[in-house]
Amino acid sequence: LDVFLLKCGTLVVFHGSGGDEEPGLLHQYCKVEGSILDYTAAEARNLLTFNKNYAEFGCGPDKITHPGDQDHYCYVETLEEVLKNLRDHPEVPSNFSIKIELK
């Protein structure tokens with residue numbers, strides 16, 4: 001998991017482009033200029049929408065869009081949310097390991 005410390009102090013999980021020199025660039029994933037680091041967690045959740053047709057999203061646009069609401073896209077989750085979802089998901093084995101990279 002690529003984890004970013006946002007300007008509000010919240011850790012979020014996001015895989016942007018840009019490499020180590022300029023991590024978290026948004027253009028390819030969200031069609032906006034700038035970096036995830038320019039946002040607070042609330043701004044990232046409420047203002048950023050994913051380009052559901054971006055080729056590197058292996059799951060396909062139907063998994064990025066909420067069923068019945070084509071305008072509701074996935075949002076940037078906090079690290080805490082991701083870890084809780086993994087912990088509570090019935091199909092994730094208890095010995096599951098996660099690699100976290102702080103960006």
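A quick note: this is a predicted structure, and the numbers were derived from the prediction, not measured.

Cut-offs and rules
Numbering of residues begins from 1 in every chain and follows the order in which that chain's sequence is written. Note on the predicted model: pLDDT of at least 70 is required for a residue's local features to be given, and 80 or more for side-chain atom pairs to be given and counted; whole-chain, interface and lining totals, by contrast, use all residues. The side-chain figures draw on all heavy atoms in the structure; neither hydrogens nor water molecules are used. Strands are runs of DSSP state E lasting at least two residues, helices are runs of H or I lasting at least four, and both sets are numbered from the N terminus onward. Type-normalised accessible area, obtained with a 1.4 Å probe on protein chains alone, sets the label of each residue: buried when under 20%, exposed when over 50%, and partly exposed for intermediate values. Contacts: residue pairs with any heavy atoms within 4.5 Å of one another. Residues belong to a common nonpolar core when they are buried Ala, Val, Leu, Ile, Met, Phe, Trp, Tyr or Cys residues joined through side-chain atoms within 4.5 Å. Note on pairing: DSSP must find at least two bridges between two strands before they are called paired. Each patch is assembled from residues with relative accessible area greater than 30% and no salt bridge, linking like charges that lie within 9 Å and nonpolar side chains (Val, Leu, Ile, Met, Phe, Trp, Tyr) that lie within 5 Å. All accessible-area figures derive from a Shrake-Rupley calculation using a 1.4 Å probe, and residue coverage is judged against the displayed protein chains alone. One speaks of a salt bridge when a side-chain nitrogen belonging to Lys or Arg is within 4 Å of a carboxyl oxygen belonging to Asp or Glu.

A.B. asks: Which residues make up the overall build of the protein chain, and what values go with them?
C.D. replies: When you go through the protein chain residue by residue, the secondary structure sums to four helices and six strands. Starting at the N terminus, the α and β elements of the protein chain follow one another as β-β-α-α-α-β-β-β-α-β. Burial status across the protein chain gives 32% buried among its 103 residues. Restricting the contact set of the protein chain to residue pairs at least 6 apart, pairs at least 24 apart contribute 43%.

A.B. asks: Account for the nonpolar core, naming residues and giving values.
C.D. replies: Counting 14 residues, the largest nonpolar core has F14, I36, L48 and V76 as the members making the most contacts within it. Mapped onto this core, the elements with two or more residues apiece are helix 1 (27-30) and helix 2 (41-47). Not counting residues within four places of it along the chain, the set of residues in contact with V76 comprises V12, V13, F14, I36, A44, R45, L48 and F50.

A.B. asks: Can you lay out the sheet that holds strand 1 (residues 2-5) for me, pointing to particular residues and giving the numbers?
C.D. replies: An order of 5-2-1-6 is seen for the four strands of this open sheet, with the pairing classed as mixed. Of all the strands in the sheet, just strand 5 (77-78) and strand 6 (101-102) have a single pairing partner and so form its edges. In the sheet, strand 2 (residues 11-13) pairs with strand 5 via two bridges, with the strands oriented antiparallel. Opposite V13, over in strand 5, you have E77 as the bridge partner.

A.B. asks: Any details on the side chain of S17? Residues and values, ideally.
C.D. replies: By the secondary structure assignment, S17 is in the loop between strand 2 and helix 1. Leaving out residues up to four positions away in the same chain, S17 has contacts with E22, P23, G24, L25, Q28 and Y29.

A.B. asks: A description of the environment of F50 should follow, citing residues and the corresponding values.
C.D. replies: Mapped onto the secondary structure, F50 falls in the loop between helix 2 and helix 3 (61-64). A relative accessible area of 14% places F50 in the buried class. Residues F50 and Y75 lie 25 residues apart in sequence; the distance between their C-alpha atoms is 7.5 Å.

A.B. asks: Tell me about a nonpolar patch on the surface, and name the residues and values.
C.D. replies: Together, L1, L5, L11, L83, F96, I98, I100 and L102 give the surface a local cluster of nonpolar side chains, amounting to about 680 Å² of exposed area. Mapping L5 onto the fold places it in strand 1.

A.B. asks: Any details on the environment of V76? Residues and values, ideally.
C.D. replies: With respect to the helices and strands, the residue V76 is situated in the loop between strand 4 (69-73) and strand 5. V76 sits in the buried class, given a relative accessible area of 4%. Placed 31 residues apart in sequence, V76 and R45 show a C-alpha to C-alpha distance of 5.5 Å.

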